[in-house]
Amino acid sequence: MLNVLIIMYGLLIYNDDTKEVDVMKLNVENMTCDHCKMTIEQALTNAGFTNVAVDLGKGSVSFDGQDVDLATKTIEDSGYKVKK
Ligand SMILES: [Cu+2]
């Protein structure tokens, strides 16, 4: 647990030292259950996005990052559709 906190703290400092991180939010179609939620959260995390959070009720996903094209492609490669 302490290790996790240290890593998270390190990431915060790292983000401060580099470029600004924006919170992005995309609306995603056909997310229906916890499996969808985990699939998308894992895919975006693997693509380098942080603080990825799917809201099934709202059909949206939020995360820190700037590359909206990469995020869209990652979600669509996982089998879901981003509402434009
Ligand atoms: Cu599902």
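**Student:** Lay out the overall build of the chain in plain terms, naming residues and giving numbers.
**Tutor:** Tallying secondary structure elements over the chain gives three helices and four strands in all. Ordered by position from N to C terminus, the α and β elements of the chain give α-β-α-β-β-α-β. Each of the 84 residues in the chain was classed as buried or not, and the buried ones make up 14%. Considering only residue pairs separated by 6 or more positions, the chain has 59% of its internal contacts joining residues 24 or more positions apart.

**Student:** Let's hear about the pairing of strand β1 (residues 23–29): which residues, and what values?
**Tutor:** Sheet topology places β1 next to strand β3 (residues 60–64); five bridges connect them, and they run antiparallel. Directly across from V23, in β3, lies its bridge partner D64. Note: β1 against strand β4 (residues 81–82), two bridges, orientation antiparallel. Within the sheet, the bridge partner assigned to V28 lies in β4 and is V82.

**Student:** Pulling in residues and values, what's your account of the sheet that holds β3?
**Tutor:** Across the sheet, which stays open at both edges, the four strands sit in the order β2-β3-β1-β4 with antiparallel pairing between neighbours. Sheet topology places β2 (50–55) and β4 at the edges, where each strand pairs with a single neighbour. Packed on one face of the sheet, helix α2 (residues 34–46) meets β1, β2 and β3 and runs near 160° to β2. Where helix α3 (residues 68–77) meets the sheet, its contacts fall on β1, β3 and β4, and the angle it forms with β1 comes to roughly 30°.

What counts and how
- Residues numbered from 1 in each chain as written.
- Predicted model: local features only at pLDDT ≥ 70, side-chain atom pairs only at ≥ 80, totals over all residues.
- Helix = DSSP H or I, 4+ residues; strand = E, 2+ residues; numbered from the N terminus.
- Buried ≥ 20, exposed ≤ 12 C-beta atoms within 10 Å, placed from the backbone.
- Contact = placed C-beta atoms within 7 Å.
- Pairing = 2+ DSSP bridges.
- Axes fitted to C-alpha atoms, helices over the stretch in contact; angles between N-to-C directions.

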